[in-house]
Structures are given as structure tokens and as C-alpha cells.
Amino acid sequence: MALFVRPLNFSVVSGDATAAGPVSNANIDAAGLVWRTTGANNTVILDLGTAAKYDTIALIGVENAGTTARIQTGTTTATSTYDTANFSITDPVPEGFTRKIIKRLDTVRTQRYVKITLGGTNAITVQRIVIGKALPLTDLAGVDLDAEQSFIDQSTQYAGNGWESYDELPVLMQWKVSVSFIGDVVWRNDWTPFYTAVGKKRAFLFVPDSDDVSSWQAEAIFGRIKNEANTKIQAYDARRSELVIRALAP
């Protein structure tokens, strides 16, 4: 099953951070703006502002994290309603990538406050915090088998007779995917609001295979839609949606 998760907005109640890397940076879709801790306390409490629904929490672009993480939610800043307890984040990260910590919650939560704790005392860096509800997919409505994974080199090339050189820039992962057999009710209630909200300007979490945890570090991305996302009517009560998603950072 694939995950498409649009981040909810949040404000920061508390969290250890440097002056140049406030926690609020992790609420912005810009790879260069990050949350940096001092290493004294890798914990943050976030306020969603309302009892919004969410079932997925992820930290994107994580550097120097420890080996465990913990997520708690609550109706107050005490965050005592739901607790994942410590879970391992020791899965290997491919060379050149930053870590993605992705946690599927046991049930859909509606508590206003979320507390995230990363184990260890080293200073960490986090590009983006994602708290949101994944689009509903059934066994029939998953990423189709013809999905394409690409690697887009942003480097600028200069060339002449017998020579070439480059201004080197990061290589970004890109996915071209389609999702078939989306029912009409789900399309109207979930996919249409999703596309309207993200357009091309808002980034979201895409996980091609949420069941294969070992694939997440090399395949999951946080990025924007790069094409004109479209949907075709396949049959009665069945739609096929096509989109291209490019990561904001490696």
C-alpha cells in the first residue's frame, strides 16, 4: 500500500533549538530551512490548533538522530492520551541520503498536541515534520505496477568541442506513478481536496510501499507534484490518477 500524506500546519509549544534553526523551520517546505537542536533535549511539543485527524507522523531530512524515537499525543500539552513508546530507527540509510523517520499510528488520532522525542543527546537536524492523514487506498487502489523511479540531476552543464564541466547540485529522486480504481466517493471526499490543497506549490510525503519498511529510506520522498496531476475515468465508480512527484532534497 502506498502513502500520500499532506502535512497539517502546526505551531510550536516548546522545543530545544538553536537561534538559527528554530522548530518553526520544520513547518516550511524549503530544504534549506531546518530545525537544529543544541543536543541538550531532542524533544518538541507541537500544537495543531484544532482536533484534526492524522494517522502518520514523519520527520524528513534527519541528521545525527539517535536510535529511538517516541511519539505522544494529547488534548493538552501533557500529551498523555496516546503513546507509541520508544521505537527503533536503526534502519540503514543509503549513502548520500538523510534519514526519514516514518511512523504509522495504530489508529486515527484527533488530539490537538503532539510530542516527538528523539533518543540520544547529540544535536540533530530535521528538515520537515509531517503530521497528517494518509489518503485512503484499498487493495485495488494502490500504486500501479508501471511506476517509474528517476534521479534528476539539477547540475548545470557547460560544454564545448571535446569538453564539458558542471556546476554541481544535488540529485533529486522523482516518482511517476498512477493509482487505479479510486472510487467516486473517495475521489470526491479525499483526493479532490488533496489535489486542490497541494497543487504544485505544497509538498507532501509519498511512500511507494508502506508495508516494506526496509524500502523507505531509498524510496520514500517528501516533494511536490511536477506535472499537471490528472485523473481518468476507467469505468463506473473507478478512476485512475496520474502524477509525478519530485523530492525537495536528497
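Please set out the overall build of the chain residue by residue, giving values where relevant.
A count of helices and strands for the chain gives two helices and 20 strands. Across its three principal directions, the C-alpha atoms of the chain cover 55 × 55 × 30 Å. For the chain, the residues scored as buried account for 46% of the 250 residues in total. Sequence separation of 24 or more characterises 72% of the internal contacts of the chain that already satisfy a separation of 6 or more. As presented, the chain carries roughly 12,200 Å² of accessible surface, and 48% of it is formed by carbon and sulfur atoms. For the chain, the distance from the average position of its 24 positive side-chain charges to the average position of its 26 negative side-chain charges is 8 Å.

Report on the nonpolar core, specifying residues and quantitative values.
Within the largest apolar cluster, 25 residues are counted, with the highest numbers of intra-cluster contacts made by Ile 116 and Ile 129. Looking at this core element by element, the count peaks at four residues for strand E5 (residues 54–62).

Can you break down the environment of Ile 101 residue by residue, with the values?
Tracing the backbone through its elements, the reader meets Ile 101 in strand E9 (residues 99–109). The class for Ile 101 is buried, based on a relative accessible area of 5%. Spatially, the C-alpha atom of Ile 101 lies 9.6 Å from that of Ile 129, the residues being 28 residues apart in sequence. Excluding anything up to four places from it in sequence, Ile 101 contacts Ile 57, Ala 58, Leu 59, Val 62, Ala 69, Phe 87, Ile 89 and Leu 118.

Explain the layout of surface pockets to me, using residue names and the numbers behind them.
Of the volumes computed, that of the largest pocket is approximately 240 Å³. The element that contributes the greatest number of residues to the lining of the largest pocket is helix H1 (residues 184–198), accounting for four residues. By residue class, the composition of the lining of the largest pocket is seven nonpolar, two polar and four charged.

Describe the environment of Thr 77, listing the residues and the values that go with them.
Here Thr 77 shows up in the loop between strand E6 (68–74) and strand E7 (82–83). Classification of Thr 77 by relative accessible area gives partly exposed; the value is 41%. Sequence separation of Thr 77 and Val 114 is 37 residues, and the distance between their C-alpha atoms is 7.9 Å. Contact partners of Thr 77, with chain neighbours within four places excluded, come to Val 13, Ile 45 and Tyr 113.

Describe H1, listing the residues and the values that go with them.
Helix length check: H1 (15 residues) gives 20 Å between terminal C-alpha atoms against 21 Å at 1.5 Å per residue, within 8%. Taken as a whole, H1 carries its principal kink of about 35° at Trp 191; the proline Pro 193 stands between one and four residues after it. Along H1, the residues classified as buried are Asp 184, Trp 187, Trp 191, Phe 194, Tyr 195 and Val 198. The elements touched by buried residues of H1 are strand E1 (3–5), strand E16 (171–182), strand E17 (204–207), strand E18 (221–225), strand E19 (230–235) and strand E20 (238–247). Just downstream of H1, Gly 199 is the residue with a positive phi angle, here 50°.

What counts, and where the lines are drawn
- Numbers given for residues are sequential positions, taken from 1 along each chain in its written order.
- Given that this is a predicted model, residues contribute local features only at a pLDDT of at least 70 and side-chain atom pairs are listed and counted only at 80 or more, while totals for whole chains, interfaces and linings are drawn from all residues.
- Note that water and hydrogens are dropped before the side-chain values are worked out from all heavy atoms of the structure.
- Helical segments are the DSSP runs of H or I of at least four residues, strand segments are the runs of E of at least two, and each set is numbered from the N terminus.
- Each residue is placed in one exposure class: buried if its accessible area under a 1.4 Å probe, protein chains only, is under 20% of its type's maximum, exposed if it is over 50%, and partly exposed if it falls in between.
- Two residues qualify as a contact provided that any one of their heavy atoms is within 4.5 Å of a heavy atom in the partner residue.
- Where accessible areas are quoted, they stem from the Shrake-Rupley method and a 1.4 Å probe; at the residue level, only the protein chains shown are allowed to cover.
- Think of it this way: Lys and Arg go in the positive column, Asp and Glu in the negative one, and His and the chain ends go nowhere.
- Charge coordinates come from a single atom per side chain, which is NZ of Lys, CZ of Arg, CG of Asp or CD of Glu.
- Within this scheme, the nonpolar core is defined by two criteria: the residues are buried Ala, Val, Leu, Ile, Met, Phe, Trp, Tyr or Cys, and they are joined through side-chain atoms within 4.5 Å.
- Grid points spaced at 1 Å and placed over the protein atoms alone form the basis of the search, with a cavity being a set where a 1.4 Å probe fits but cannot get out and a pocket an open set showing protein on both sides within 12 Å along at least five of seven lines. Lining residues have an atom within 4 Å of a point.
- Grid points are joined across faces, edges and corners, and a volume is the space filled by probe spheres set on the points.
- Residue type decides the class: Asp, Glu, Lys and Arg count as charged, Ala, Val, Leu, Ile, Met, Phe, Trp, Tyr, Cys and Pro as nonpolar, and the leftover types, Gly among them, as polar.
- Multiply 1.5 Å by the residue count of a helix minus one, and that product is the helix's expected span.
- Bend, at a single residue, is the angle you get between axes fitted to the 7 residues ending at that residue and the 7 residues starting at it.

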